[in-house]
Amino acid sequence: MDIKNKPFEEENQRSSGADFEKKLNILKKLEIFNQVENEYLENLSKKSEVVKTRVGLPLSSRNIIQNKILIILEGEARLLGELNNNNVTVAKLRPGSLIGLSSILRNKGCEEVISSTEVIALSIDEKEILDLYKKDISFKKFCDKNIFLNEIIGITEVLINN
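Just so you know, these numbers come straight off a predicted model, no measurement behind them.

K.L.:
Quick question: what am I supposed to make of the nonpolar core here?
P.N.:
The nonpolar side chains of a soluble globular protein tend to be buried with one another. L27, I32, F33, L101 and F139 are the most contacted members of the largest nonpolar core, which totals 24 residues. Of all the elements in the fold, those that place two or more residues in this core are α1 (17–29), α2 (38–47), β4 (68–74), α3 (101–106), β9 (119–125), α4 (126–135) and α5 (137–145). Every residue in contact with I32, bar those within four places of it in the chain, is listed here: L98, L101, F139, F142 and C143.

Structure representation (structure tokens):
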């Protein structure tokens, strides 16, 4: 699913120096990136895009590995789980939440996320994330040592349904 085309519209296209600095500062504030070497963060900032979507559109599907990760900058989304064959809201995702990272790292879609308001997000291509995972030890350690909420949901669903 190419989230860049639908449901998102590009808001900035790797534009001005001010945008670069703004994106760089956003990345530096997030725990997952705050120990990453500056040259890698600068690369992510240059290659990332700000995108937005309307209310009620899927941001991620548990059946698809996305080709981008999203970092919510504005708005809210719902992380959904499945209970008795019905989708239920497990968590509200707010600014700073990451969408798509665990699916990319696991090489298996595992996140069902839908926007509950208009969402503006920073979009980073999976190639850039996987390169960072290979090159930056602090990012790799963070990813390897932390379990993401959607992974807990997946384990819980298996236990409930068996």
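Text resumes after the structure shown.
K.L.:
Help me understand the side chain of S103 in this model?
P.N.:
As for its position among the elements, S103 is in helix α3. By relative accessible area, which is 1% here, S103 ends up buried. Each residue touching S103, except ones within four places of it in the same chain, is listed here: I65, K108, G109, C110 and E111.

K.L.:
It is not clear to me how α2 should be interpreted in this structure. Could you clarify?
P.N.:
Since the α-helix packs 3.6 residues into each turn, any two residues three or four apart lie on the same face. Every buried residue of α2 is accounted for by Y40, L41, L44 and S45. Relative to the axis of α2, the buried residues are bounded by an arc of 140° and lie together on one face. Opposite the buried face of α2, at more than 90 degrees from it, the exposed residues are E39 and K46.

K.L.:
Would you mind showing me how to read the layout of surface pockets here?
P.N.:
If a probe the size of a water molecule is rolled over the atoms, the empty space left behind becomes visible. Of the volumes computed, that of the largest pocket is approximately 320 Å³. Among the secondary structure elements, those contributing two or more residues to the lining of the largest pocket are α3 and α6 (149–161). Tallied by class, residues from the lining of the largest pocket come to nine nonpolar, five polar and two charged. Each pocket or cavity is described by its volume, and for the second largest pocket that value is around 230 Å³.

K.L.:
Sorry if this is basic, but what is going on with the pairing of β4 here?
P.N.:
Two faces make up the sheet, and in a regular strand the side chains alternate between them. The element β4 is extensively covered by neighbouring structure, given that five of its seven residues are classed as buried. The sheet contact formed by β4 and β9 spans six bridges and is antiparallel. Considered in β9, the bridge of E74 is made with I120. Two elements, β4 and strand β7 (residues 98–99), share two bridges in a ladder whose sense is antiparallel.

K.L.:
Which parts of the structure should I look at to understand the sheet that holds strand β3 (residues 58–60)?
P.N.:
Sheet strands associate in pairs through backbone hydrogen bonding, adopting either a parallel or an antiparallel arrangement. Taking strand neighbours across the sheet as the criterion, the four strands line up as β3-β8-β5-β6 in an open arrangement whose pairing is antiparallel. Only two strands of the sheet have a single neighbouring strand rather than two, namely β3 and β6 (86–93). Recorded for the sheet is a direction-independent mean angle of 35° between the axes of neighbouring strands. As defined by bridge partners, β3 adjoins strand β8 (residues 112–115) across two bridges and the pair is classed as antiparallel. Counted as the bridge partner of S60 is V113 from β8. Packed on one face of the sheet, α6 meets β5 (77–83) and β6 and runs near 15° to β5.

Cut-off values and rules
Residues numbered from 1 in each chain as written. Predicted model: local features only at pLDDT ≥ 70, side-chain atom pairs only at ≥ 80, totals over all residues. Heavy atoms only, no water. Core = buried A, V, L, I, M, F, W, Y, C linked by side-chain atoms within 4.5 Å. Buried < 20%, exposed > 50% of the residue type's maximum accessible area, 1.4 Å probe, protein only. Helix = DSSP H or I, 4+ residues; strand = E, 2+ residues; numbered from the N terminus. Contact = heavy atoms within 4.5 Å. Arc of directions from axis to C-beta. 1 Å grid on protein atoms, 1.4 Å probe; cavity = no way out; pocket = protein on both sides within 12 Å on 5 of 7 lines; lining within 4 Å. Points joined across faces, edges and corners; volume = space filled by probe spheres on them. Nonpolar A, V, L, I, M, F, W, Y, C, P; charged D, E, K, R; others polar. Pairing = 2+ DSSP bridges. Axes fitted to C-alpha atoms, helices over the stretch in contact; angles between N-to-C directions.

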